[in-house]
Amino acid sequence: PQTAPAPSPAPAPGAEEAPPPTIMSAPEPQTIAPTVEKEVTAAPPPAPSEPNAPEVPQRRPRFDVAVIQALDKVTAHTLRFEAHVGQPVRYKTLIFTVRACEKTAPDEPISDSIAYIEILSQPKTEPGHPVLPAKRAFQGWMYASSPSLDPLEHPLYDAWLITCRNDAPAPAPAAPAAPAR
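The sections below set out a description of the structure shown in this document. Everything quoted here is computed from the prediction, not taken from an experiment.

## Focus on the overall build of the chain
Assigned secondary structure in the chain consists of zero helices and seven strands. Helices and strands in the chain line up, N terminus first, as β-β-β-β-β-β-β. Counting only residues that meet the buried cut, the chain has 21% of its 181 residues in that class. Considering only contacts within the chain whose residues lie at least 6 apart along the sequence, 49% involve residues at least 24 apart. Carbon and sulfur atoms make up 58% of the accessible area of the chain, which amounts to about 14,800 Å² in all.

## Looking at the pattern of salt bridges
With the rule as written, the count across this model stands at seven salt bridges. Its salt-bridge partner being R60, residue E108 comes within 2.9 Å of it at the nearest N-O pair. With E108 in the loop between strand 4 (94-103) and strand 5 (113-121) and R60 in the segment before strand 1 (65-72), the pair connects residues that are 48 residues apart, well separated along the chain. Classification of E108 as partly exposed rests on a relative accessible area of 27%. Its salt-bridge partner being E82, residue R165 comes within 2.5 Å of it at the nearest N-O pair. In this pair, R165 sits in strand 7 (residues 157-165) while E82 sits in strand 2 (residues 77-84), placing the two residues 83 residues apart along the sequence. Each member of the salt-bridge network shares a partner with another, and the members are R60, R62, E102 and E108.

## Things to note about the state of the cysteines
Taken as a whole, this structure holds one disulfide when the rule is applied. At a sulfur-sulfur separation of 1.8 Å, the disulfide partner of C101 is C164. Taking the sign of the S-S torsion, -95° for the link of C101 and C164, the bridge is left-handed. Here C101, found in strand 4, pairs with C164, found in strand 7; they are 63 residues apart in sequence, far enough to count as distant. A relative accessible area of 1% places C101 in the buried class.

Conventions used here
Residues numbered from 1 in each chain as written. Predicted model: local features only at pLDDT ≥ 70, side-chain atom pairs only at ≥ 80, totals over all residues. Heavy atoms only, no water. Helix = DSSP H or I, 4+ residues; strand = E, 2+ residues; numbered from the N terminus. Buried < 20%, exposed > 50% of the residue type's maximum accessible area, 1.4 Å probe, protein only. Contact = heavy atoms within 4.5 Å. Areas by Shrake-Rupley, 256 points an atom, 1.4 Å probe, with all protein chains shown as cover. Salt bridge = Lys/Arg side-chain N within 4 Å of Asp/Glu carboxyl O. Disulfide = S-S within 2.5 Å.

Okay, structure coming up:
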């Protein structure tokens, strides 16, 4: 025995009438056939490789010159200079000493130049005045592709690595001209 729904009260004049409610039934569940062992395939075996032969990473090439760019924050003067490994180079009151300069190996995913640099801050000495001691402003690895990763933190100067390269060979002396006959 089904009962009819109760009649709804008459709407007020000027009001909109709601649509009649609809009754929806739940969807029927679907059945999926079980998987048969013949349908399942085994994963392919890994590619054969030489046993006990670990992949040896390539060595990073070392270079004898680091190309560095420095900025004077007060005057906005920039200077790009070369610093030979082990030889100090002065830029205003900073002294740069490059300890190592290398580029990433060919088997590494990203190409980059990396240098281990020590930077001291020491004002230039004037005649008749004592030599002031140098203070370490920076010591660590600088990356050319990410200059902000390990930056020089100095109130007057910024410096970053541009690249590493080998020292250019000295030009060969010109051969003497043959005497005219």
